[in-house]
Amino acid sequence: GTGNLLYYNNPMWPGEAHSLKVEKILYRGTSEYQEILVFESSTYGKVLVLDGIVQLTEKDECAYQEMIAHLPLCSIPSPKTVLVVGGGDGGVLREISRHRSVEHIDICEIDKMVIDVSKKFFPDLSVGFEDPRVQLHIGDAAEFLRRASQGMYDAIIVDSSDPVGPSQELVEKPFFETAARALRPGGVLCSMAESMWLHTHLIQDMISICRETFKGSVRYAWASVPTYPSGVIGFLVCSTAGPPVDFLNPINPIEKVEGAIKFRREIRFYNSEIHSAAFALPSFVRREVSVL
Ligand code: AAT
């Protein structure tokens, strides 16, 4: 029998299911946008699930949040203004707050209930909201970006859910166009970009759109996150025309950033070697998504 395993089936990954053993259900609720579930697992700590898809576990959230924040922020000299799209759990904010050069962080999350649930069950992530540089906006990030002033951000981090429902528009061309417009010349965007094992077409589409939209460089990186489908997650990084950005060699290395200020939670996954290595792609990915 399956005991108390929780299985995740989804049309995004047909023919396979992922499972974690449940010790205890901690929260179940339905917001205006999605079903929210928090449970204590046997081996990955607490787990946040939205619409039946694992968004994070306490054990491996470090890999995703650190990569999606530091890949862009370590690729430009002294980032000052940053926008987070989605990211209501606060984990990406926690990572951005390590950067002392940062003066202002906007976050636009559509679902206030995700923030409230995170504050209750994931204090090590929601701690990110305590940073005084953070300004919270509740709403659709696509709409938020349409109203943003031109060139106001050094970096935009798109920490959004899989492209079904309200996050669908966050992988489409009009969204990337408004994002590029809101970035300063030589500014950078980093977007969650699915699994190279499962979603090569989606990745290829995102890359083509971004190549047309961003006039600097466009690169694909990936990292191991065991509880995401197929165990890996990708990141699409792009820069606008202006001072060139060499994503492969971080100009603002984390080792310097971290040395400057001590945090109660150390960086667990990301370092400069991982940063550069993340851009090395398997041969089939190179061929299928032609990123180089
Ligand atoms: N750091 C946790 C990982 C996430 S959370 C994605 C967040 O994006 C959710 O809180 C969701 O409410 C929010 N979101 C979705 N659409 C929008 C939108 N249009 N505007 C603002 N916020 C939005 C992602 C995990 C990736 C999982 C990979 N399989």
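Residues numbered from 1 in each chain as written. Predicted model: local features only at pLDDT ≥ 70, side-chain atom pairs only at ≥ 80, totals over all residues. Heavy atoms only, no water.

Counting secondary structure elements, the protein chain contains 10 helices and 12 strands. Radius of gyration (C-alpha) of the protein chain: 18 Å, near the 19 Å computed for a compact globule of 292 residues. For the protein chain, the spread of C-alpha atoms along the three principal axes comes to 55 × 45 × 35 Å. Classification of the 292 residues of the protein chain by burial places 57% in the buried group. Put simply, of all contacts in the protein chain between residues at least 6 apart along the chain, 68% involve residues at least 24 apart. Entry remark: accessible area of the protein chain is about 12500 Å², with carbon and sulfur atoms responsible for 52%. One way to put it: in the protein chain the 28 positive side-chain charges average out to a point 4 Å from where the 37 negative ones average out. (Helix = DSSP H or I, 4+ residues; strand = E, 2+ residues; numbered from the N terminus. Rg over C-alpha atoms; globule rule 2.2 N^0.38 Å. Buried < 20%, exposed > 50% of the residue type's maximum accessible area, 1.4 Å probe, protein only. Contact = heavy atoms within 4.5 Å. Areas by Shrake-Rupley, 256 points an atom, 1.4 Å probe, with all protein chains shown as cover. Lys, Arg positive; Asp, Glu negative; His and termini not counted. Charge placed at Lys NZ, Arg CZ, Asp CG, Glu CD.)

For any pair of aromatic rings, geometry is given as the distance between the ring centres together with the angle between the planes. A full pass over the atoms with the stated rule returns five aromatic pairs. Geometrically, the ring pair formed by Phe175 and Phe176 is edge-to-face, given 5.7 Å between the ring centres and 65° between the ring planes. By relative accessible area, which is 3% here, Phe175 ends up buried. Ring centres of Trp197 and Phe284 lie 5.0 Å apart, and the angle between their planes is 40°; on these two criteria the pair is classed as tilted. Of this pair, Trp197 sits in the loop between strand S10 (183–192) and helix H7 (200–213) while Phe284 is found in helix H10 (residues 283–289), placing the two residues 87 residues apart along the sequence. (Phe/Tyr/Trp six-rings, centres within 6.5 Å; stacked < 30°, edge-to-face > 60°.)

A few words on the sheet that holds strand S3 (residues 35–41). Reading across from one edge, S1-S2-S3-S4-S5 is the order of the five strands in this open sheet, with antiparallel pairing throughout. Across the chains shown, the open sheet's two edge strands, defined by having one partner strand only, are strand S1 (5–8) and strand S5 (53–57). This sheet shows a mean twist of 45° between the axes of neighbouring strands, independent of strand direction. Two elements, strand S4 (residues 46–50) and S5, share four bridges in a ladder whose sense is antiparallel. (Pairing = 2+ DSSP bridges. Axes fitted to C-alpha atoms, helices over the stretch in contact; angles between N-to-C directions.)

Before going further, it helps to spend a moment on the site of the ligand. Around the ligand, 26 residues are found, and the nearest of them are Asp89, Glu109, Asp140, Asp159 and Pro166. For the ligand, a nitrogen atom lies 3.4 Å from a polar atom in the side chain of Gln65. A distance of 3.2 Å is found between a nitrogen atom of the ligand and a side-chain nitrogen or oxygen belonging to Asp162. Protein contact buries 100% of the 670 Å² of open area that the ligand shows by itself. Of all the cavities here, the one that holds the ligand is the largest cavity. Broken down by secondary-structure element, the contributors of at least two residues to the shell around the ligand are helix H1 (61–73) and strand S7 (104–109). A breakdown of the residues in the shell around the ligand according to their chemical character gives 11 nonpolar, nine polar and six charged. (Near = heavy atom within 4 Å. Polar contact = N/O pair within 3.5 Å; in protein donor to acceptor, adjacent residues only side chain to side chain. 1 Å grid on protein atoms, 1.4 Å probe; cavity = no way out; pocket = protein on both sides within 12 Å on 5 of 7 lines; lining within 4 Å. Sits in = over half its atoms within 2 Å of the grid points. Nonpolar A, V, L, I, M, F, W, Y, C, P; charged D, E, K, R; others polar.)

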